[in-house]
Structures are given as C-alpha cells and as structure tokens.
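Architecture at a glance
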Amino acid sequence: MERGGLGSIELYNIPHVCEMCGGVMIFKGVGEYQCEDCQYVDYDDYGKVRLYIEEHRGATAAQIEEAVGVSQRAIRRMLKEGRIEVAESSKTFLRCEICGKTIRSGQYCPECEVKVHRKLEEEERERRHKQDQGFGMEQKAAEGQKRFKREN
C-alpha cells in the first residue's frame, strides 16, 4: 500500500486550500492542517477518524462513518496500514492475512510479520548477490575472436 506521495492525497482527502479564506493549508501533524493566512484548522480523513476515536472509544467503523463522513473502506485501509487499531474491548478484530490469527491493526500477526520481513530481506540479499556476481569478472570473447573492434 502506498504511503505518502500523491496517492495519499486522494486516499485521505488532504485539504490544500482553506475553505474559509482560500489560503494555503500547512500540515501540522497527525492529520491536522492549518491555514497560513487565517489560522483555520481542518483535518484529513485520518485526522477526523483519530479525533472521533479519541472522544468515542470503542466506536465501530459504521458509527465513525456516520459521524465524520469517512467511508468504512478508508477506515479499513487505515487499520491495515497500522494507523489506527481496533479497540481492546471490541468483539470484532482483523485477521492475519497469512495464518488467520486475530489482530488489532496491520496485515499480519507479529510472528508472520517477522517471517514476511525475513523473506523480503532474503530476496533483497539474493537480488544484490545476482547484481554483484558479474561485477569485475573478466569478459571473454569466443576463442580466436577479438573482444573489441576498431571503427575508422
């Protein structure tokens, strides 16, 4: 899943222009933006969800969607990205995408997360090894042939 960059602008409805005065919105952190001209404060989808959860612990995705207008799909994406987590008191949980254990956020349980990272590290080592393998090795032409030709 893409984090940062232009993809997140569409995903989280990041405010660029102040709806009060038309000024430029500056990121202040944790989903909060402030107008550089009139100081109006606005929030992206993550900020709206986070604020609502802080005030209404244990709220369901449906309740959050109804209250702040952020879709349940976006809320699930935030859960899978690990930006928010399911409340401890909740009767519903996410499931690890590998083993199926219940988890509160992310895509994998801690054990599978380690396995995934080890596999990625091993694939990266193999890729680097293949890249380095040809470096510095002597290139030989077929028997009796010149390796380079001079062009006039």
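Now for a quick tour of the structure.

Cut-offs applied
Residues numbered from 1 in each chain as written. Predicted model: local features only at pLDDT ≥ 70, side-chain atom pairs only at ≥ 80, totals over all residues. Heavy atoms only, no water. Buried < 20%, exposed > 50% of the residue type's maximum accessible area, 1.4 Å probe, protein only. Helix = DSSP H or I, 4+ residues; strand = E, 2+ residues; numbered from the N terminus. Pairing = 2+ DSSP bridges. Axes fitted to C-alpha atoms, helices over the stretch in contact; angles between N-to-C directions. 1 Å grid on protein atoms, 1.4 Å probe; cavity = no way out; pocket = protein on both sides within 12 Å on 5 of 7 lines; lining within 4 Å. Points joined across faces, edges and corners; volume = space filled by probe spheres on them. Nonpolar A, V, L, I, M, F, W, Y, C, P; charged D, E, K, R; others polar. Polar contact = N/O pair within 3.5 Å; in protein donor to acceptor, adjacent residues only side chain to side chain. Phe/Tyr/Trp six-rings, centres within 6.5 Å; stacked < 30°, edge-to-face > 60°. Lys NZ or Arg CZ within 6 Å of the ring centre and 35° of its normal.

Notes on the pairing of strand 2 (residues 32–35)
- Across the two faces of strand 2 the burial differs, with Tyr33 and Cys35 buried and Glu32 and Gln34 not buried at all.
- Note that strand 1 (residues 25–29) and strand 2 share four bridges and pair antiparallel. Pairing of methionine 25 across the sheet is with cysteine 35, part of strand 2.
- Between strand 1 and strand 2, which pair antiparallel and follow one another directly, the connecting turn spans two residues, one of which, valine 30, has a positive phi of 50°.
- Summarising the sheet, strand 2 and strand 3 (residues 41–43) pair through three bridges and their orientation is antiparallel. By the bridge assignment, glutamine 34 is partnered in strand 3 with valine 41.
- Between the end of strand 2 and the start of strand 3, which pair antiparallel, lie five residues, with glutamine 39 showing a positive phi angle near 70°.

Things to note about the sheet that holds strand 2
- Read across the sheet, three strands follow the order 1-2-3 without closing on themselves; strand pairing throughout is antiparallel. Sheet topology places strand 1 and strand 3 at the edges, where each strand pairs with a single neighbour. Strand-to-strand twist of the sheet, defined as the mean angle between neighbouring strand axes without regard to direction, takes the value 35°.

A word on the layout of surface pockets
- The space that makes up the largest pocket amounts to roughly 610 Å³.
- Taken together, 24 residues line the largest pocket, and the ones lying closest to its centre are Ala59, Leu79, Glu85, Val86 and Ala87.
- When residues of the lining of the largest pocket are traced back to their parent elements, those giving at least two are helix 2 (45–55), helix 3 (61–68) and helix 4 (72–81).
- Taken together, the residues that form the lining of the largest pocket break down as twelve nonpolar, five polar and seven charged.

Overview of helix 2
- Along helix 2, the positions that sit buried rather than exposed are Asp45, Tyr46, Gly47, Val49 and Tyr52.
- Two or three places before tyrosine 46, at the opening of helix 2, aspartate 44 has a side-chain oxygen 3.2 Å from that residue's backbone nitrogen.

What to know about the packing of aromatic side chains
- Within the structure shown, the criterion is met by one aromatic pair.
- Between the NZ or CZ atom of arginine 77 and the centre of the ring of tyrosine 12, over which it lies, the distance is 5.3 Å.
- Here the guanidinium or amino end of arginine 83 rests over the ring plane of tyrosine 46, the centre of that ring lying 4.1 Å away.

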